[in-house]
Amino acid sequence: MLSSVKPNGSYLNPSTVILIGIPGLEHVQFWIGFPFFAVCLVALLGNIILLIIIPAERSLHQPMYIFLAVLAATDIGLCAAIAPKMLAIFWFRAYSMAFDACLAQLFFIHTLQCIESGIVLAMAFDRYIAICDPLRHTSILTPSVLGHMIVVLAIRAVVLVALLPILIKRLHLFHSIQIAHSYCEHMAVVKLAADDVQVNKICGLFVGFSILGFDMIFILISYALIFQAVFQLQRKEARLKAFNTCTAHIFVFLEFYILAFFSFFSHRFGHVVPSTHILLSTIYLLLPPALNPIVYGVKNMVIRKRVAQMFFLNRGRQQ
């Protein structure tokens, strides 16, 4: 029995929910799973390689690459939280999910999103110090400071996101147990409730703006100061070199926040076709983890060389 069903068709304290995947595209979900699986494989391979190379290469023991290693671990966690159930829905029609497991998935996905946002902010701060105060870069961003920053960002995400499943647990009556999504997303679950969800909606907006909004504002301020400092440099070569150190981070920042805010606002205020919204929100979660290692790998010669050595050495041993 899924839950206690009331005479009016509502559900009291459901123990199970049904994730239907991508509404309107159920007939092609099997095939949609393959590109998502490929993206997950690229993300897992790329980020695992980063986690092998960065600790092993002493020249990469710098704040930017320490943050990149944390970002890689976060991206692996995101793929692990989303992909197994999503692919089970697409390929094996495993639609049902325990309600508490759904809330756990919701918590981990949104917590990892918020940690990722915080790490992108920390990387922007690193670029600001490196360009605007280069002589004090290593004295400001010491290993101790980096460790404290990462811990604070993780605690911020865990504490704020924990409010979301806690507030959902206070809801008892649901008009449906079918979630029109391929994973458990906060607003997708809240919309099922027949109880008053005003507090849940306000809390969701508060968490979104206090983390994503706060981080984006301070990243923009950092880059305003960075560009001001860069354009004050006399030599064109120096300006290009300074700007070149930021290009990978700018790309990561844009891909993360453009997709994040589209997903955030379309679910609450927009009238986007559900299948389009779900596809884009899933792409938003899975594409950046696949692109981040590629972007930083292409930009950094040490990472490129170590990747080449790993693959060529393995090939040489096989021969």
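The sections below set out a description of the structure shown in this document.

Here we come to unusual backbone geometry. Although it is not a glycine, Asn-13 sits at a positive phi angle of roughly 50°. Topologically, Asn-13 is positioned in the loop between β2 (11–12) and β3 (16–19). On the accessibility criterion, Asn-13 (44% relative accessible area) is partly exposed. The phi torsion at Arg-93 lies on the positive side, around 55°, for a residue other than glycine. Along the chain, the position of Arg-93 falls in the loop between α2 (63–92) and β4 (96–98). Residue classification places Arg-93 among the exposed residues on the basis of a relative accessible area of 65%.

It is worth spelling out the packing of aromatic side chains at this point. Per the counting criterion, the structure on display carries 16 aromatic pairs. The interplanar angle of 70° and the centroid separation of 5.6 Å between the aromatic rings of Phe-99 and Phe-174 together place this pair among those described as edge-to-face. A residue pair is termed long-range when its members are at least 10 positions apart, and Phe-99 in helix α3 (residues 99–132) and Phe-174 in strand β5 (residues 173–174) qualify at 75 residues. Phe-174 sits in the buried class, given a relative accessible area of 1%. The interplanar angle of 35° and the centroid separation of 5.9 Å between the aromatic rings of Phe-227 and Phe-243 together place this pair among those described as tilted. Taken as a pair, Phe-227 in helix α7 (residues 198–231) and Phe-243 in helix α8 (residues 236–244) lie far apart in primary sequence, 16 residues in all. An aromatic cluster is defined as three or more aromatic residues linked by ring pairs; in this entry it consists of Phe-30, Trp-31, Phe-34, Phe-37 and Trp-91.

Moving on, we get to the packing of α3 against helix α5 (residues 143–169). As a packed pair, α3 and α5 sit with axes 8 Å apart at the nearest point and diverge in direction by 150°. Of the possible angle classes, the one that applies to α3 and α5 is roughly antiparallel. Handedness of the α3/α5 crossing: right-handed. Counted by class, the contact of α3 with α5 contains 19 nonpolar, three polar and three charged residues.

Reading guide: rules and limits
- Residues numbered from 1 in each chain as written.
- Predicted model: local features only at pLDDT ≥ 70, side-chain atom pairs only at ≥ 80, totals over all residues.
- Heavy atoms only, no water.
- Helix = DSSP H or I, 4+ residues; strand = E, 2+ residues; numbered from the N terminus.
- Buried < 20%, exposed > 50% of the residue type's maximum accessible area, 1.4 Å probe, protein only.
- Phe/Tyr/Trp six-rings, centres within 6.5 Å; stacked < 30°, edge-to-face > 60°.
- Axes fitted to C-alpha atoms, helices over the stretch in contact; angles between N-to-C directions.
- Parallel < 35°, antiparallel > 145°, perpendicular 65-115°, else oblique.
- Left-handed = near helix turned anticlockwise from the far one by under 90°.
- Nonpolar A, V, L, I, M, F, W, Y, C, P; charged D, E, K, R; others polar.

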